[in-house]
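Secondary and tertiary structure notes
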Amino acid sequence: MTTTTSERPWPVVLLTALGAWLATIPLAGVVALLLGDLLVSGIGPYVVAPLLLVGAGVVLRAQGVGTFVEQMAVPLLLLGGVALGFGLYRDLSMLGASLVLAVVALGAALMVRGAWLQALLGACAVGLLMVGLGTRGTWSLWLPTHAAVLLWTLLAAGGTRQRSADRPLTPSAATLDAIGTGWLLATLAALAFSSGTTFLVDRFAGTSWPARGSVALAVAGVALLWHRLPALRRPWWIGVMAGALVLAGFMPWLGAAWWLAACCLSAHQPRRAAAAALAAVWIIGAFYYTLDWPLATKAAVLAGTGTLLGLLAWWGLHTRRTATAGVAEPAAAPGPDRARRGIALSALAVLAVANVGIWQKEDLIAHGRTVYIALAPVDPRSLMQGDYMALNYQLGDTLRDQLDDADRLTEPVALARLDARGVATLEQL
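Below, the structure is looked at part by part. Treat the numbers as computed from the prediction; the structure is a model and nothing was measured. Counting of residues starts from 1 at the beginning of each chain's written sequence and follows it residue by residue. Note on the predicted model: pLDDT of at least 70 is required for a residue's local features to be given, and 80 or more for side-chain atom pairs to be given and counted; whole-chain, interface and lining totals, by contrast, use all residues. Processing note: side-chain calculations cover all non-hydrogen atoms of the structure and skip hydrogens and water entirely.

Re the overall build of the chain
In terms of regular secondary structure, the chain is built from 14 helices and two strands. For the exposure calls, accessible area comes from a 1.4 Å probe over protein chains only, and a residue counts as buried if that area is under 20% of its type's maximum, exposed if over 50%, partly exposed in between. Looking at the 429 residues of the chain, the share that counts as buried comes to 32%. Put simply, 68% of the contacts in the chain that link residues at least 6 apart link residues at least 24 apart. To be clear on the numbers: accessible area is Shrake-Rupley with a 1.4 Å probe, and residue cover counts the displayed protein chains and nothing else. As presented, the chain carries roughly 26,300 Å² of accessible surface, and 69% of it is formed by carbon and sulfur atoms. The way it works is that DSSP assigns letters per residue, a run of H or I at least four long becomes a helix, a run of E at least two long becomes a strand, and they are numbered from the N terminus. Residues are treated as being in contact if the distance between any of their heavy atoms lies within 4.5 Å.

Describing the nonpolar core
Grouped together as the largest cluster of nonpolar side chains are 49 residues, with contacts concentrated most on W152, W183, L188, L191, M251, L260 and I283. Take this core: its biggest share by element is nine residues, from helix α10 (residues 254–266). If we skip the residues at most four places from it in the chain, L260 touches V149, W152, L184, T187, L188, L191 and A276. As used in this record, nonpolar core signifies buried Ala, Val, Leu, Ile, Met, Phe, Trp, Tyr and Cys residues forming a set joined through side-chain atoms within 4.5 Å. In terms of nonpolar packing, the next biggest core, distinct from the first, is built from 18 residues, L60, L77, L84 and A109 among them.

Describing the packing of helix α5 (residues 115–133) against helix α6 (residues 142–155)
Packing of α5 against α6 brings their axes to within 8 Å, and their N-to-C directions diverge by 135°. It follows from the interaxial angle that α5 and α6 lie oblique. The way α5 lies across α6 gives a crossing that is right-handed. Taking contact as the criterion, the partners of V126, L129, M130 and L133 in α5 are, on α6, P144, T145, A147, A148 and L151. Its residues assigned to classes, the contact of α5 with α6 shows eight nonpolar, one polar and no charged. Axis angles are defined between N-to-C directions and span 0 to 180 degrees, where every axis is a line fitted to C-alpha atoms and, for a helix, only to the segment in contact. Here roughly perpendicular refers to angles of 65 to 115 degrees, roughly parallel to angles under 35, roughly antiparallel to angles over 145, and oblique to all remaining angles. Here a crossing is taken to be left-handed if its near helix is turned anticlockwise relative to the far helix by less than a right angle, and right-handed if that turn runs clockwise. Three classes are used: nonpolar for Ala, Val, Leu, Ile, Met, Phe, Trp, Tyr, Cys and Pro, charged for Asp, Glu, Lys and Arg, and polar for all others, with Gly counted as polar.

Focus: the pattern of salt bridges
One speaks of a salt bridge when a side-chain nitrogen belonging to Lys or Arg is within 4 Å of a carboxyl oxygen belonging to Asp or Glu. The tally for this structure, following the rule as stated, stands at four salt bridges. Among the salt bridges present, the one from R272 reaches D177, with a minimum N-O distance of 2.9 Å. Remark: D177 occurs in helix α7 (residues 171–195) and R272 occurs in helix α11 (residues 270–286); sequence separation between them is 95 residues. Residue classification places R272 among the buried positions, given a relative accessible area of 10%. Residue classification places D177 among the buried residues on the basis of a relative accessible area of 17%. One salt bridge connects R421 with D419, and the closest N-O pair in it is separated by 3.7 Å.

Structure representation (structure tokens):
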């Protein structure tokens, strides 16, 4: 009797999938060579892609299929999507092609079995949606990510329910839940990376509408938690929510993460809420690299918010102890002591790392050697683009020219000589 996918050990499935991919990709390459221009010209992509997509979908939906055959269908599904995308992006606009592919990905997710594959297809769908919307208007990052948040709220958050043993999810609801998981995780990743050091400058920090939208989403999340979770209706928790709103006003990407975390918490989905909290932590950390705010302002916001949250946490712990003062507790209760030791060790670790870094920088400033690099001639002001100065260095141009002619060097080292004024001149590469 053939076992189902859920009963197979995951190492066996993983190794079988690896073998299936190694067998399918060369076979697909041979077929592509035989078909030739049919795949890339005319209506070829629209003929080949549906055959691959429907065939792979039938295999992935069928019951009792062997593991190897089932895993061979996954790369065929991917190849079908790539072939269809080639034709769509050739014949349609970026927005139109992306929307069509997103709909196809959602249709494939509804057709196949397996929560992991449905989640991946859901993530692909939202990724294609954000790619399509990213070409419209000036909010090329903020708009598509928040459109994905809105759609997840409308399609997934409204249908979430608390899992219970007496009322399990129906197959259709389980499929939508898996697709929503992939959609949510991809959206959180987009929010985090859009605010992080990948783009260095959060272009919307301090502007009106993105900041207002972030605060509005944070307010909506606070209201949702207040309505759905009566246990959070405490005076100290109101201060925590106020701190979240303040941070959302400074970080235009943070409000969406707060809202998604509130939706997951109110639906009793701790793992999804933890993923949203991780994205929020990333966004808060990326606030350090936001060049729209002075460093002193950023430090004051983060330090002040951290101090406020610490005091509120102490207040909440004190309130809880006062409320349970007359209740007898077991003799052995190491949990609170262990938590306090962990908090103390974390605080010491943070202080140690920060002070070691400060000491290293101060030692470098006190004992380091000052080196000057000559500036390259460049128009010093750009009045049409906001009156800023563009700096370039002669040494960088010289290095770039020599590196183009030094392909044989795997690890090039630049040697420079300092003149009497401390100006560096390239000697050798």
